[in-house]
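Coordinate analysis (summary)
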Amino acid sequence: MSAHPEMGPPIAGPSALGGSPRRFAHLALTLAATEFKLRFFGSALGYLWQLVRPLMLFGVLFVVFTEFIKLGERVTFYPVVLLANIVLFTFFQEGTGAVGSMVDRESLVRKIHFPRMAIPVSVVLTAGFNLALNLVVVAIFATASGVRPHWSWLQAPLIIALLAAFVCGLAMLLSALYVRFRDVKPIWDVVLQVLFYATPVIYAVEAIGVSAAIQHALMMNPLAALLEQFRHAVIDPAAPSAAEAAGGAVRLLVPGAILVATVAVGFRVFNREAPRIAEQL
Amino acid sequence: MPGAPVVSVEAVSKEFRLPHEQINTLKERALHPFRRPSSDRLHALEDVSFAVEQGEFFGIVGRNGSGKSTLLKCLAGIYRVDRGAIRMRGRLSTFIELGVGFNPDLAARDNVLINGIMLGLTPKEALRRFEQIIAFAELEEFVDLKLKNYSSGMQVRLAFSVMSQVDADILLVDEVLAVGDAAFQQKCFEVFQRMKEQGKTILFVTHDMSAVSRFCDRAVLLERGRVELIGAPDTVGARYLQRNFAHGAGDTGALHPDEPERVGDGSGEIVDAWFEVDGVRADVLPQGAECTVSVRVRAHETLVEPAIAFLLENDRRDPLWAVSNEDGDAPAGTLAPGEETVFSVTFATVFGPGRVYLTPWMVHAGGLPIADRRPRLAAAVVTAVHRSGGLVDLPNAMRCERGVRTEA
């Protein structure tokens, strides 16, 4: 059969991003907003429950590390640092929770044509809405604890954007792999647990009395670098910046490279898998 | 402007790999890094080509596993084709399932917006059409009710309403219409008809031949992933039915084990009975075609002018028709012991679609006693594109005379 000249090019089949960035944005936003709404209005107390989880974790850790283990003694604004770290880590955890999203949204993937990447991105967006609300709580708590506004707060959006990019990269990588390998999810759960302790969430990296080498090694983790910089820029300018904690700005190239590589690999893997996800579910 | 193709499927092939042994986890992959699981290739579509013109209502039909759903998903862009190309002109919307993205915990309002966006509307367009959609579904009073509190009928109405408001130039429709009652199906088809009149093109996947013949302009029949026939819906429908019943219709072996019903004094025997179309044995009888039923009998004693009768029944054992050689001009004469004779009767198949059973009788002259009677010795399936619901579909001529006044 001869091609008809007035027809468009052959339809490309499913892909990660699809042809239209607008449709991608509409879909990702709609999916994210729906999910958020469901959680928000899902119960009588709505948003309060969303808040209770990080706050409870904060409460428990705060009591443990100020009363029993005294981890926070040498850290200025320890409660604020702890709460901010928990909120940021919660975002990381929720965003990378996209690992099962392609499988959970099977009914969509197998029934309509749309840019596949909208699904993991929508999970990160939902986590982002949550982060925005939680940061308001952090801001109130910080102000009440005596943290004063500072010019370096302007760094915060950049830090959060880098964190979001890192989370997006992981969400794409994990959700694409999970379609083929169903043990990715339990493996990732374990990794998350390790990361919670390997990252300075409940402690400040300079205050735990480890050798400089170990401290520098800990800062090779992009998450650690971002949290440390957030603490330095937003809560306590006297705290070491990411560069200082890592032992020099040059060393920050390692977490930076890990972050960029994660996003690049995540995007590539997802892009490669996207056309066949519907068949493999 | 009819005549211009809007959908062109060009030598499309699609293959699935069916691994014998699935590697589902990283652990298995790590333990057996070099094992490549052997797999079968399933050719879901092979070299499928056709073109659909603007404003056509085009049917895609085939038996289960013939590849029609795969084709639909390739057309919809859900699967990527392995070879060949699909080209389209215009905006496409897919209805593989009603209410894609519906969430039972959200109100109708949210669900309409989500579903609309899923089907390709922008959020603004979806908002603008919201009132229309709700009005069409006749659900104005229930806008803020959560979907889980809707009856299934209301959900279907809502979903369909969204679908009818999506303005695409080309619509891909799966058998979503199978759900819902007859009135709803009618409404669906009215919507499709209206869309068609607006110059929209509809591709409709189904195995309901009556829908195909009622609504489609043309249809393609798929068989094992290949195009078997493209043509008028009735032609395609007839071939489909023939295909569908070609397997399993003739398993009459299971149909006459009830030999106790066999009655006879042993003076003669009915050896065989069968249906014939175009001179060959057949177990599918296309409605309207000429068909022959035959019996072969053997005499064990000298039989003078025996009567051979044919009784045709449907599967509810309603007698459809009975005829004997005494009715026609086919006297048997005298049959010598051991002699075999074949009796045949040819007629136009007017029966409604369904199974037909043949019960042959051989009776001594004068009506009694019965030499042999073998209930439901042969069976066949009558296929028809139309289903009137009656036992027979008679050739007919309908007339309508208007303006005739009855005198008081």
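Predicted model, so just to flag it, every value in this text is computed and none were measured.

1. Re empty space enclosed by the protein
All names here are of chain A. Using the criterion set out here, one finds two cavities of 30 Å³ or more in the structure. Together, Val81, Asn85, Pro200, Tyr203, Ala204, Ala224, Leu227, Glu228 and Arg231 line the largest cavity. Ranked by the residues each element gives to the lining of the largest cavity, the list is headed by helix H10 (residues 222–235), at four residues. In the lining of the largest cavity, the residues fall into six nonpolar, one polar and two charged. Estimated volume of the second largest cavity: approximately 40 Å³. Sorting the residues of the lining of the second largest cavity by element identifies helix H2 (47–68), helix H3 (78–96) and helix H6 (118–145) as the ones contributing at least two each. Partitioning the lining of the second largest cavity into residue classes produces seven nonpolar, one polar and no charged.

2. Side note on unusual backbone geometry
Residues and elements named next belong to chain B. Notably, Arg317 is not glycine yet its phi reads approximately 65°, a positive angle. Mapped onto the elements of the fold, Arg317 is located in the loop between strand E15 (307–314) and strand E16 (319–324). Positive phi outside glycine occurs at Arg376, with the angle close to 50°. Residue classification places Arg376 among the buried residues on the basis of a relative accessible area of 6%.

3. Regarding the confidence of the model for chain B
Residues and elements named next belong to chain B. Of the residues in chain B, 92% reach a pLDDT of 70 or more, and the chain-wide mean stands at 83. Overall, residues 249–259 carries pLDDT values under 50, and its contacts beyond four positions in sequence, including any with other chains, amount to 18 contacts. What the predictor reports for the complex is a pTM of 0.75 with an ipTM of 0.78.

4. Quick look at the environment of Val234(A)
Residue and element names in this part refer to chain A. Looking at where Val234 falls in the secondary structure, it is placed in helix H10. Spatially, the C-alpha atom of Val234 lies 9.6 Å from that of Ala139, the residues being 95 residues apart in sequence. Apart from the residues lying within four places of it in its own chain, the contact partners of Val234 are Val147, Trp153 and Ala156.

About the thresholds
- Residues numbered from 1 in each chain as written.
- Chains lettered and ligands numbered in written order.
- Predicted model: local features only at pLDDT ≥ 70, side-chain atom pairs only at ≥ 80, totals over all residues.
- Heavy atoms only, no water.
- 1 Å grid on protein atoms, 1.4 Å probe; cavity = no way out; pocket = protein on both sides within 12 Å on 5 of 7 lines; lining within 4 Å.
- Points joined across faces, edges and corners; volume = space filled by probe spheres on them.
- Helix = DSSP H or I, 4+ residues; strand = E, 2+ residues; numbered from the N terminus.
- Nonpolar A, V, L, I, M, F, W, Y, C, P; charged D, E, K, R; others polar.
- Buried < 20%, exposed > 50% of the residue type's maximum accessible area, 1.4 Å probe, protein only.
- pLDDT = per-residue confidence, 0-100.
- Contact = heavy atoms within 4.5 Å.

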